[in-house]
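Results of the structural survey
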Amino acid sequence: MLIVFILYLLALIGITFYTAGKSKTNSEYVLGGKKIPGVALALSERSTGESAWLILGLTGEAFAIGLQSIWVALGCVIGIIFIWTVMSNRLRMEAERTQALTVCGILYKRFPGSEKTIGLLSSSIVVFFFLFYVEAQFFGSGKVLEQTFGIPGFWGIIIGSLIVVLYTMIGGFITVVYTDVLQAILMIITLVALPVILIFIVASNNLDVGNALIEAGNGYNSLTGGKTGVPALLLILSGLSWMLGYTGQPQLLTRMMAIKDKKHIRDAKVVAVIWTLIAYAGALVIGIMGFVLMKNDFLGSHTASLTADAEKILPVLINTFVGPVIAGLLLSGAISAMMSTASSEIIVSSSSITEDIYGNLAKKKISGKKLLTLNRLVTLGVGLLAFVLALTVKDSVYGLVSYAWSGIGSSFGPALLLILFWKKVSRAGVIASLISGTAVTIVWKLFITVPTGVSERLGSFVFSLLMAVMFSLIFPEKKTTNYEGRSI
């Protein structure tokens with residue numbers, strides 16, 4: 001198993017050195033220079049979007065709470081289909097029109113003169129929330145390596161974070177995308193092969209899935225967790241609210257910005273949607289089958305540790321039921337999920353710092369190799385900071401990702417949707433979206449989620465959208481800008 005995992009790491013190193021030389025300019029380092037096929041970008045977007053959150057978080061949620069986790073999966077699937085079928089081509093066209101290299105750039109380049117205000121605000125939000133997101137991935141890699149090889153969590157975090165930071169720093173966006181392609185393939189193998197293996201084990205031992213679910217009670221075998229009325233509705237809305245965050249995730253949307261033309265968009269849509277449907281179905285099956293096997297005493301001494309930490313269910317199942325060679329392959333798929341997301345978020349964070357903060361504040365601009373070197377150094381710094389934070393994690397991977405997802409999605413989602421689809425959006429509306437999305441996520445998470453049962457993902461997005469529309473109407477632009485950027 002260890003040999004297979006080492007081979008996977010060597011493959012990453014090979015891709016890194018093969019692609020590193022392709023990032024010769026800052027534009028190529030940050031967004032790939034329109035060189036990457038749409039299918040590769042779609043696979044990169046999917047592996048980036050599904051991180052430790054899917055491999056550990058959603059499988060753990062399905063294992064812990066049962067059928068009600070379906071609403072979370074459904075919300076994510078709807079969100080992914082929406083951004084690819086509705087937003088992707090408009091986003092690509094807007095990036096082409098404005099020559100923006102980042103999502104933050106799309107926001108401030110729509111309103112000339114707002115570079116410092118919107119640029120600094122939006123990029124600061126990206127860096128703040130992405131540090132939580134990246135630390136969740138590093139923490140998740142430590143959890144998998146500890147459960148699989150017995151490596152202490154501290155050293156597991158070091159191994160995972162060191163590899164990600166180095167290949168991201170060396171190769172930039174192009175390297176990240178092509179390592180993502182490998183990781184997307186390994187992830188989908190894990191999310192197809194492991195459910196098939198588990199279903200075969202359950203069937204061959206004549207285990208009664210229905211009976212195990214019935215014995216678990218209404219909290220587990222009900223789509224609403226045994227709740228009725230308003231609490232049941234809030235539970236469903238909370239799960240579905242994951243769809244909202246997809247509209248504002250820079251680490252995903254930059255893939256669409258990097259696509260060359262409309263034809264590549266069409267190819268990418270098909271790949272992204274098919275991959276998503278298979279992956280989410282697999283994650284739910286892993287969690288539910290893991291619960292059935294535990295209830296029938298097939299997990300032995302692991303039961304106690306799983307009761308304390310449900311997010312270990314996938315590595316436990318791999319170690320218990322899969323032969324070493326296949327286990328090494330599936331383990332690589334699990335680690336891939338974390339590495340692909342962490343690398344994408346690090347490159348987005350470093351790009352925001354160099355392009356949107358430094359680029360808008362520096363009195364003396366730098367270009368060429370100096371700017372490329374600065375991007376690499378900032379990438380290293382962001383990665384090291386996230387590594388330090390990962391050593392102090394007290395929340396679950398699911399909880400960390402939910403918080404960061406809400407903050408980024410609620411801040412950027414309404415602003416981007418209005419820029420792409422509403423001519424009357426103003427800079428005041430964009431600023432209101434960014435500020436309210438961030439502030440309300442923090443306040444909602446701390447004080448409102450528990451007493452109301454309404455997730456911060458839903459509450460903060462709705463509030464931010466209302467603020468963006470209201471401020472756009474109260475403080476309209478003096479000149480209206482059409483989709484091609486001409487004043488009318």
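All values derive from a computational prediction rather than experimental measurement.

What the chain contains, in helices and strands, is 20 helices and 0 strands. A compact globule built from 488 residues should have a C-alpha radius of gyration of about 23 Å, and the chain, at 22 Å, falls within 12% of that. Its C-alpha atoms give the chain principal-axis dimensions of about 70 × 55 × 40 Å. Counting every position in the chain, which comprises 488 residues, the buried fraction comes to 59%. Long-range pairs, those at least 24 residues apart, make up 84% of the contacts in the chain with a sequence separation of at least 6. Carbon together with sulfur atoms contributes 70% to the accessible area of the chain, which is approximately 18,500 Å² in total. Put simply, the chain has 36 plus and 24 minus side-chain charges, and the middle of one group is 13 Å from the middle of the other.

A word on the confidence of the model for the chain. Taken as a whole, the chain shows an average pLDDT of 90; of its residues, 98% reach a score of 70 or greater. Under a pLDDT of 50 for its full length, residues 481-488 has, in the predicted model, 14 contacts with residues more than four places off or in other chains.

With that out of the way, let us pick up the environment of Asn 375. Considering the arrangement of structural elements, one finds Asn 375 in helix α17 (residues 368-390). Among the residues examined, Asn 375 registers a relative accessible area of 0% and is labelled buried. Taking the C-alpha atoms as reference points, Asn 375 and His 264, 111 residues apart in sequence, are found 28 Å from one another. Not counting chain neighbours up to four residues away, the residues in contact with Asn 375 comprise Asn 26, Tyr 29, Val 30, Ser 350, Ser 351 and Thr 354. A distance of 2.5 Å separates a polar atom in the side chain of Asn 375 from a polar atom in the side chain of Asn 26.

Okay, the packing of aromatic side chains next. Two aromatic rings are characterised by how far apart their centres lie and by the angle between their planes. Counted by the stated rule, this structure contains 13 aromatic pairs. On the basis of an interplanar angle of 35 degrees and a centroid distance of 6.0 Å, the ring pair of Phe 5 and Tyr 8 is categorised as tilted. Pair noted here: Phe 5 and Tyr 8 are both in helix α1 (residues 2-20), with a separation of 3 residues, about one helical turn. For the residue pair Phe 5 and Tyr 8, the accessibility class agrees, reading buried in each case. Between Phe 128 and Phe 129, the aromatic rings sit 4.9 Å apart at their centres with planes inclined by 75 degrees, giving edge-to-face as the arrangement. Residue Phe 129 is classed as buried on the basis of its relative accessible area, which comes to 0%.

Moving on, we come to empty space enclosed by the protein. For the structure shown, the criterion picks out 1 cavity of 30 Å³ or more. Empty space within the largest cavity amounts to approximately 80 Å³. Forming the walls of the largest cavity are Val 30, Leu 101, Thr 102, Val 103, Cys 104, Phe 173, Pro 250, Thr 254, Ile 347, Val 348, Ser 351 and Ser 352. At the level of secondary structure, the elements contributing two or more residues to the lining of the largest cavity comprise α5 (103-109), α12 (250-257) and α16 (324-361).

Attention shifts here to the nonpolar core. If you look at the biggest cluster of nonpolar residues, it comprises 149 residues, and the most contacted ones within it are Trp 53, Phe 138, Tyr 280 and Phe 412. Looking at this core, the element that brings in the most residues is helix α7 (residues 153-204), giving 17 residues. For Phe 138, the residues in contact, after removing those within four places along its chain, are Ile 157, Ser 161, Val 164, Val 165, Ala 342, Ile 346, Gly 383, Ala 386, Phe 387 and Ala 390.

Glancing now at the side chain of Thr 168. As for its position among the elements, Thr 168 is in helix α7. Under the relative-accessibility criterion, Thr 168 is labelled buried at 0%. A distance of 2.7 Å separates a polar atom in the side chain of Thr 168 from the backbone oxygen of Val 164. Excluding its chain neighbours within four sequence positions, the residues that come into contact with Thr 168 are Tyr 29, Val 176, Ser 343, Ile 346, Ile 347 and Thr 379.

Under the counting rule described, the total for this entry stands at 11 salt bridges. Two residues, Glu 477 and Arg 427, come together in a salt bridge whose shortest N-O distance is 3.1 Å. Of this pair, Glu 477 sits in the segment after α20 (456-474) while Arg 427 sits in helix α19 (residues 427-452), and the two are 50 residues apart along the sequence. Residue Arg 427 is classed as partly exposed on the basis of its relative accessible area, which comes to 27%. What you see here is one network of salt bridges that share partners, running through Glu 45, Arg 46 and Glu 50.

Moving on: the layout of surface pockets. It is the rolling of a water-molecule-sized probe over the atoms that shows where space remains empty. Considering only enclosed or pocket space, the largest pocket measures out at about 530 Å³ in volume. Residue lining of the largest pocket: 24 residues in total, with Ser 238, Thr 449, Gly 453, Ser 455 and Arg 457 positioned closest to the centre. With 5 residues, helix α10 (residues 229-240) is the single largest residue contributor to the lining of the largest pocket. Grouping the amino acids of the lining of the largest pocket by side-chain chemistry returns 9 nonpolar, 10 polar and 5 charged.

On to the side chain of Thr 254, then. Topologically, Thr 254 is positioned in helix α12. Look past the residues within four positions of Thr 254 in its chain and what remains in contact with it is Leu 31, Val 103, Phe 173 and Val 348.

Attention now goes to the packing of α19 against α20. The contact between α19 and α20 brings their axes to 8 Å, and the two run at 155 degrees. Overall, the two elements α19 and α20 adopt an arrangement that is roughly antiparallel. The handedness of the crossing between α19 and α20 is right-handed. Counted together, Ala 428, Gly 429, Ala 432, Ser 433, Ser 436, Gly 437, Val 440, Thr 441, Trp 444, Lys 445 and Thr 449 of α19 and Glu 456, Gly 459, Ser 460, Phe 463, Ser 464, Met 467, Ala 468, Phe 471 and Ser 472 of α20 form the full contact between these two elements. The class makeup of the residues in the contact of α19 with α20 is 8 nonpolar, 10 polar and 2 charged.

Here we come to helix α3 (residues 38-65). The principal kink in α3, of about 65 degrees, is found at Glu 50. Extensive coverage of α3 is indicated by the burial of 24 of its 28 residues. Remark: Gly 66 follows α3 within two positions and exhibits a positive phi of approximately 80 degrees.

Reading the values: rules and limits
Residues numbered from 1 in each chain as written. Predicted model: local features only at pLDDT ≥ 70, side-chain atom pairs only at ≥ 80, totals over all residues. Heavy atoms only, no water. Helix = DSSP H or I, 4+ residues; strand = E, 2+ residues; numbered from the N terminus. Rg over C-alpha atoms; globule rule 2.2 N^0.38 Å. Buried < 20%, exposed > 50% of the residue type's maximum accessible area, 1.4 Å probe, protein only. Contact = heavy atoms within 4.5 Å. Areas by Shrake-Rupley, 256 points an atom, 1.4 Å probe, with all protein chains shown as cover. Lys, Arg positive; Asp, Glu negative; His and termini not counted. Charge placed at Lys NZ, Arg CZ, Asp CG, Glu CD. pLDDT = per-residue confidence, 0-100. Polar contact = N/O pair within 3.5 Å; in protein donor to acceptor, adjacent residues only side chain to side chain. Phe/Tyr/Trp six-rings, centres within 6.5 Å; stacked < 30°, edge-to-face > 60°. 1 Å grid on protein atoms, 1.4 Å probe; cavity = no way out; pocket = protein on both sides within 12 Å on 5 of 7 lines; lining within 4 Å. Points joined across faces, edges and corners; volume = space filled by probe spheres on them. Core = buried A, V, L, I, M, F, W, Y, C linked by side-chain atoms within 4.5 Å. Salt bridge = Lys/Arg side-chain N within 4 Å of Asp/Glu carboxyl O. Nonpolar A, V, L, I, M, F, W, Y, C, P; charged D, E, K, R; others polar. Axes fitted to C-alpha atoms, helices over the stretch in contact; angles between N-to-C directions. Parallel < 35°, antiparallel > 145°, perpendicular 65-115°, else oblique. Left-handed = near helix turned anticlockwise from the far one by under 90°. Bend = angle between axes of the 7 residues up to and from the residue.

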